Amino acid sequence: MTTLQESALSKPLRQPAFGVGILAVGAGLIAAFAVPVLADDYWLSSIIIPTVIMGLAGIGLNLLMGYTGLVSIGSAAFMSIGAFSTYNLLLRAPFLPLPIVLILAGLIAAIAGVIFGLPSLRIKGFYLGASTLGAQFFFEWLFTNFSWFSNDSQSLTISAPRLQILDYDLQSATGRYYLVIATTALLIALAFAIVKSRVGREWMAIRDMDVAASVIGIRVARRKLLSFGISSFFLGIAGALWAFGYLGTSDAHAFNLDKSFQILFIVIIGGVATIFGNFLGAAFIVLTPILLDRLSLIIDLSFLGDQGALANLQHIIFGTIIIVLLIKEPDGLSSLIKRGVEALRPRARSSG
Amino acid sequence: MSYFLETLVSGLFAGVMYSLVAIGFVLIYKASGVFNFAQGAMLLFSALTVVTLTEKGMPFALAFIVTSFVMVVMAILIEWLVLRPLRNRDPLTLFMATLGLSYVIEGFAQLLMGMDVHMLDLGIPDVAVQVGGIYVSQFDIIASLIALTLVATLAIAFNKTRMGISLRAVAADTLAAQSIGIRLPVIWRIVWSVAGIVALVAGLVWGSRQGVQYSLSLVTLKALPVLIIGGFSSIPGAIAGGLLVGATEALADIYIGPLVNGSVSTWFAYILAVGFLLARPAGLFGDREIERV
């Protein structure tokens, strides 16, 4: 039985038992740090690192879209701001340690987010897409046309001058993994803290009924801009990690419209107004193309002809999966898992 | 001065092309409240089908009719497989579904008909003619006439036929329309079919200009600012918005571009659209019911 409050639109602030929470977090952290022991470099570099980073980006968009109810189809723009800010800070202010640089890059992205969020004060719904889509194309153009941002490199690419914290070199796959997972763990904690705080509740009030929210004294305009800012902060850091923790070398086109759409898919597929659901969505986005690749190696698809045909087939399958998921699983993969857990629970009780 | 005028006029003609694309969106948005991202993919698919058929030796007119039929079949399939299971869902979910749909349609288009760039010759000479002291491309003039004919046909169909009137009823009040016996699935099928044929015309005009290739599907993105400026639910708005975007974009490229290191056409239209949103959120001709705070 689901009441209105338990529907995805108005997520309840259910507090799990404190002890269970601590145990889960502890187990999660131990598992996260044990991963490099179990996984080889391929798994780390090609699957786990991108999944974690895209999940983090998903959290960024979900804070805006899922919790505050504001649409953005330009998320990748704020990722690119984070990436280019990190590059320039590392290059031009070499005395700054990496964590400070990441935070500053996030803040720069946040400022841009607030600026492009200004139209949200007058409009909402799908129209807001235009403003964020404007950000998408504007920053891609900016970073491509002004070579200052890429230190006048001929290819307009950026690669991290150094990735180190207190003399620990983080260039290896394991090192980059620890950088990514530690940053993400901290930001997940921050996201939970925000969502469960007064600010988070006010966001949800605005999402569910903005007029009522303003009547009970929530300063809607400020909260919306704050949501844009915090969302872009997360996206900016995710962008920096994507550029240097995953790709190594990137350019403005690594953060194109496709990337923005991928982040949208992550939020919708993972589950709107969830935190961990984003990682399910990210796993789907990262793994599906790899699985389709593997599948095509097993099944002989040579009758299709060239590699291009294969890519098209993958597009068809990917698009179909998205439509099917939207139809069959409106609340995203996270609700699928939640239902699975709840289905197991009574049995566990009766046996124990 | 004549340089300014020529830029303005060629921008206006480019705007007519944007309008052609935007009209397809408006039709679907009016009838089903969906921002159909797959419109670009439908454009690519239909243009590729015509080109492939004519390259196989089919006469152009027959290829056009066959492709129209294919687009109608596609519309029925989309209504049945995507729209019907997703009815009553929020607009964002529907938008995402059309994103998925665009992957599927593009994939099929290129899987079946290849990824090469096809030249499309509509038999319209692309030569400049002098009109009132400035040079104008003959192709642009004919393309605009095609667009005008299409718009006039649609306008008559919407205002005079029973089908068109039921469609406007659905757009005005879906629930009331259903209660007087208008069948929504039928309306959707018809609207998506018409949008498919509009995509076909737009695809042919665009395709003969820049070749039939993947990038055709990207003209979708230019339609969004056009729609915002004109209003999502108004066909005259789509045309006015298209003209405005085309003209200002061309002028901005010439006069602002050199100041900032090159072409500004990728983002200028969006900034213009945001300006419009702030000043006049319903667009030039849109309904007042736009969500705003």
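Here the structure is a predicted model, which means the values were calculated and not measured.

Rules used throughout
Residues numbered from 1 in each chain as written. Chains lettered and ligands numbered in written order. Predicted model: local features only at pLDDT ≥ 70, side-chain atom pairs only at ≥ 80, totals over all residues. Helix = DSSP H or I, 4+ residues; strand = E, 2+ residues; numbered from the N terminus. Rg over C-alpha atoms; globule rule 2.2 N^0.38 Å. Buried ≥ 20, exposed ≤ 12 C-beta atoms within 10 Å, placed from the backbone. Contact = placed C-beta atoms within 7 Å. Axes fitted to C-alpha atoms, helices over the stretch in contact; angles between N-to-C directions. Parallel < 35°, antiparallel > 145°, perpendicular 65-115°, else oblique. Left-handed = near helix turned anticlockwise from the far one by under 90°. Nonpolar A, V, L, I, M, F, W, Y, C, P; charged D, E, K, R; others polar. Bend = angle between axes of the 7 residues up to and from the residue. pLDDT = per-residue confidence, 0-100.

### Some remarks on the overall build of chain B
No. 1: The helix and strand tally for chain B stands at 11 helices and two strands.
No. 2: Secondary structure elements of chain B, listed N to C terminal, follow the sequence α-α-α-α-β-β-α-α-α-α-α-α-α.
No. 3: Scaling as 2.2 N^0.38, a compact globule of 293 residues should have a C-alpha radius of gyration of about 19 Å, and chain B matches this with 19 Å.
No. 4: On the principal axes, the C-alpha backbone points of chain B span a range of 60 × 55 × 35 Å.
No. 5: Burial status across chain B gives 47% buried among its 293 residues.

### Remarks on the overall build of chain A
No. 1: On a plain count of helices and strands, chain A comes out with 13 helices and four strands.
No. 2: Put simply, chain A has 352 residues, and 45% of those count as buried.
No. 3: Residue pairs at least 24 apart in sequence account for 77% of intrachain contacts in chain A once pairs closer than 6 positions are excluded.

### Quick notes on the packing of helix H2 (residues 39–55) of chain B against helix H8 (residues 184–210) of chain B
Residue and element names in this part refer to chain B.
No. 1: Contact geometry of H2 with H8 gives a least axis separation of 7 Å together with a crossing angle of 65°. Here H2 is positioned roughly perpendicular relative to H8, judged by the angle of their axes. Here the hand of the crossing between H2 and H8 comes out right-handed. From H2, Gln39, Met42, Leu43, Leu44, Ser46, Ala47 and Val50 reach across to H8, where they touch Ala195, Gly196, Ala199, Leu200, Ala202, Gly203, Leu204 and Gly207.
No. 2: Its residues assigned to classes, the contact of H2 with H8 comprises 10 nonpolar, five polar and no charged.

### Notes on the interface of chain B and chain A
No. 1: Counting from both sides, the interface comprises 39 residues of chain B and, opposite them, 37 residues of chain A.
No. 2: Among the elements that take part in the side of chain B that touches chain A, helix H4 (residues 91–113) of chain B stands out by supplying 15 residues, more than any other.
No. 3: Within the side of chain B that touches chain A, the residues separate by chemical class into 28 nonpolar, seven polar and four charged.

### A look at helix H2 (residues 41–67) of chain A
All names here are of chain A.
No. 1: Maximum bend of H2: about 35°, positioned at leucine 61.
No. 2: Counting buried positions over the 27 residues of H2 gives 20, a clear majority of the element.
No. 3: One or two positions beyond H2, positive phi appears at glycine 69, with a value near 75°.

### Section: the packing of helix H1 (residues 2–32) of chain B against H8(B)
When two helices pack together, their arrangement is captured by the angle between the axes and the distance separating the axes.
Residue and element names in this part refer to chain B.
No. 1: Contact pair H1 / H8: the axes reach a minimum separation of 9 Å and the direction vectors enclose 170°. By the criterion of interaxial angle, the relationship of H1 to H8 is roughly antiparallel. Residue-level contacts link Met17, Leu20, Val21, Ile23, Gly24, Leu27, Ile28, Ala31 and Ser32 of H1 to Ile187, Trp188, Val191, Trp192, Val194, Ala195, Val198, Ala199, Val201, Ala202, Val205 and Trp206 of H8.
No. 2: Considering only residue class, the contact of H1 with H8 consists of 19 nonpolar, two polar and no charged.

### Considerations on the confidence of the model for chain A
Residues and elements named next belong to chain A.
No. 1: With 88% of its residues at a pLDDT of 70 or more, chain A shows a mean pLDDT of 83.
No. 2: Per-residue pLDDT, averaged within each element of chain A, yields its smallest value for strand E2 (residues 164–165) (70) and its largest for helix H4 (residues 98–117) (94).
No. 3: Under a pLDDT of 50 for its full length, residues 1–13 has, in the predicted model, 14 contacts with residues more than four places off or in other chains.

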